[in-house]
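Descriptive structure summary
One letter stands for each residue in the lines below.
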Amino acid sequence: MGDIGELIVLRRWHLVVFALLAALALACEGTGTAAPEPAGTPKKGLPASMGALGDSITAGYGTCFTLVACSRNSWSTGGSAAVDSHYRRIRDDNSAIKGHARNYAVPGARARDLAGQAAQAVDDKVQYVTVLIGANDACVDRVADMTGTGTFRKQVDKALTRLRKGLPKARVLVVSIPDLYRLWQLGHDNERAVRAWSGGVCQSLLARPTSTAEADEERRRKVGDRVDAYNRELAAACEKYGRKCRWDGGSAHGVRFSLDLVNEIDYFHPDVEGQNKLADVTYPGRFTW
């Protein structure tokens, strides 16, 4: 009987312990402390697909040691380990986007080509779209050939309207045109840059780069002013689009870049380091998706 009594006491003690543990568990539920998310859980709101609209900058032109498009190094959709692109940053937090980044950007594209690229993004039903356009509208053979500011705006609006109607739930990021005038300021005393520019790149700005003649100074200022005007229209177009559109706030244009951020072939297009810089200053991760 002594052994039986001890067993009964032991069982009663176990029941008391279990009751205490249960009470503690219920108390913890009321603290509001959430259990940590399992590793790899996607962050809410991140897109599962994306597309990039634009020109040679977004196409990664000149980043693969030759003057051709190299989209794997794009600041927007690039999958190369060399560039911490928007795509790679999103993929780190949402693996669903893996393999679903499309680059529609074409070297030489102007604002007039943007609607066609937007149509491709709509067809592919992407959830996040980046837009960087306008450098080629200013970089022409003559200042007189630059796209008029009003025309530029109409062409951008046409493309954004196509996106808004075709992808009403998609997020859109509109990026400012980099400071082309600063490029001339940095490179006009560099022999290698001057030699590269003589090949015909952006002659409205870079023709006779070492000249101090008033006509040449005025020509360069006009190009710089036109880029500023385009950026104002891009910002206004994004605001008109509505809450699904984000303007980069001029962050790309405001980069105080050096010649180390452009390739050493044409001294115009961003190199891999330059693409990284663009990705860094424009990534909307600090915003709510």
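Quick summary incoming for the structure in this document. (Residues numbered from 1 in each chain as written. Predicted model: local features only at pLDDT ≥ 70, side-chain atom pairs only at ≥ 80, totals over all residues. Heavy atoms only, no water.)

**Some thoughts on the overall build of the chain**
Tallying secondary structure elements over the chain gives ten helices and five strands in all. Counting contacts in the chain only where the partners sit at least 6 residues apart, residues at least 24 apart contribute 71% of the total. As presented, the chain carries roughly 14900 Å² of accessible surface, and 54% of it is formed by carbon and sulfur atoms. (Helix = DSSP H or I, 4+ residues; strand = E, 2+ residues; numbered from the N terminus. Contact = heavy atoms within 4.5 Å. Areas by Shrake-Rupley, 256 points an atom, 1.4 Å probe, with all protein chains shown as cover.)

**With respect to the packing of helix H3 (residues 114-124) against helix H5 (residues 149-166)**
It is the contact of H3 with H5, at a shortest axis distance of 8 Å, that shows an interaxial angle of 10°. If you check the angle between H3 and H5, you find them roughly parallel. Between H3 and H5, the contacting residues are Leu114, Ala115, Ala118, Ala119, Ala121 and Val122 on the first element and Val156, Lys158, Ala159, Arg162, Leu163 and Gly166 on the second. Across the contact of H3 with H5, the residue classes break down as nine nonpolar, one polar and two charged. (Axes fitted to C-alpha atoms, helices over the stretch in contact; angles between N-to-C directions. Parallel < 35°, antiparallel > 145°, perpendicular 65-115°, else oblique. Nonpolar A, V, L, I, M, F, W, Y, C, P; charged D, E, K, R; others polar.)

**Observations concerning the sheet that holds strand S4 (residues 171-174)**
Read from one edge to the other, the open sheet built from five strands follows the order S2-S1-S3-S4-S5, with strand pairing classed as parallel. Both edges of this open sheet fall to strand S2 (101-103) and strand S5 (245-247), since each of them pairs with a single strand only. Pairs of neighbouring strands in the sheet enclose a mean axial angle of 15°, with direction left out of account. Judged from the three bridges that link them, S4 and S5 form a sheet pairing that is parallel. Looking at S5, one finds that Val172 is bridged to Cys245. (Pairing = 2+ DSSP bridges.)

**Side note on the environment of Val156**
Residue placement: Val156 occurs in helix H5. Distance in space between the C-alpha atoms of Val156 and Ala237 is 7.3 Å, their sequence separation being 81 residues. Aside from chain neighbours lying at most four places away, what touches Val156 is Ala111, Leu114, Ile133, Leu234 and Ala237.

**A short note on H3**
Among the residues of H3, Leu114, Ala115, Gln117, Ala118, Ala121 and Val122 are the ones counted as buried. Here the buried residues of H3 occupy an arc of 160° about the axis, which is enough to place them on one side. Those residues of H3 hidden inside the fold are in contact with strand S1 (50-54), strand S3 (128-132) and H5. At the exit of H3 stands Lys125, carrying a positive phi of roughly 55°. (Buried < 20%, exposed > 50% of the residue type's maximum accessible area, 1.4 Å probe, protein only. Arc of directions from axis to C-beta.)

**Section: the side chain of Lys244**
Within the element layout of this structure, Lys244 appears in the loop between helix H9 (214-241) and S5. In this structure, Lys244 is buried with no salt-bridge partner, the nearest side chain bearing the opposite charge being Glu239 at 18 Å. Among residues more than four places away in sequence, those in contact with Lys244 are Pro168, Lys169, Ala170, Arg171 and Val172. (Lys, Arg positive; Asp, Glu negative; His and termini not counted. Salt bridge = Lys/Arg side-chain N within 4 Å of Asp/Glu carboxyl O.)

**Digging into the pattern of salt bridges**
Counted by the stated rule, this structure contains twelve salt bridges. Between Glu233 and Arg153 there is a salt bridge, with its nearest N and O atoms 2.8 Å apart. Here Glu233, found in helix H9, pairs with Arg153, found in helix H5; they are 80 residues apart in sequence, far enough to count as distant. The class of Arg153 is buried, set by a relative accessible area of 17%. Taken together, the shared-partner salt bridges connect Arg153, Asp157, Glu233 and Lys240 into one network.

**Description of the packing of helix H6 (residues 180-187) against H9**
At a closest axis distance of 8 Å, the pairing of H6 and H9 adopts a crossing angle of 145°. Contacts between H6 and H9 involve Leu180, Tyr181 and Trp184 from the former and Glu217, Arg220, Arg221, Gly224 and Val227 from the latter. A per-class count over the contact of H6 with H9 returns four nonpolar, one polar and three charged.

**Considerations on the nonpolar core**
Leu53, Leu163 and Val172 are the most contacted members of the largest nonpolar core, which totals 54 residues. If we ignore the near neighbours within four places in the chain, the residues touching Leu163 are Leu53, Ala118, Ala121, Val122, Val129, Pro168, Val172 and Tyr241. Judged by nonpolar contacts, the second largest core, of 15 residues, contains Leu46, Ile57, Leu173 and Val175. (Core = buried A, V, L, I, M, F, W, Y, C linked by side-chain atoms within 4.5 Å.)

**Let's talk about the environment of Val83**
In this fold, Val83 is placed in the loop between S1 and helix H2 (86-93). Under the relative-accessibility criterion, Val83 is labelled buried at 0%. Among residues more than four places away in sequence, those in contact with Val83 are Asn73, Ser74, Trp75, Arg88, Val272, Gln275 and Asn276.

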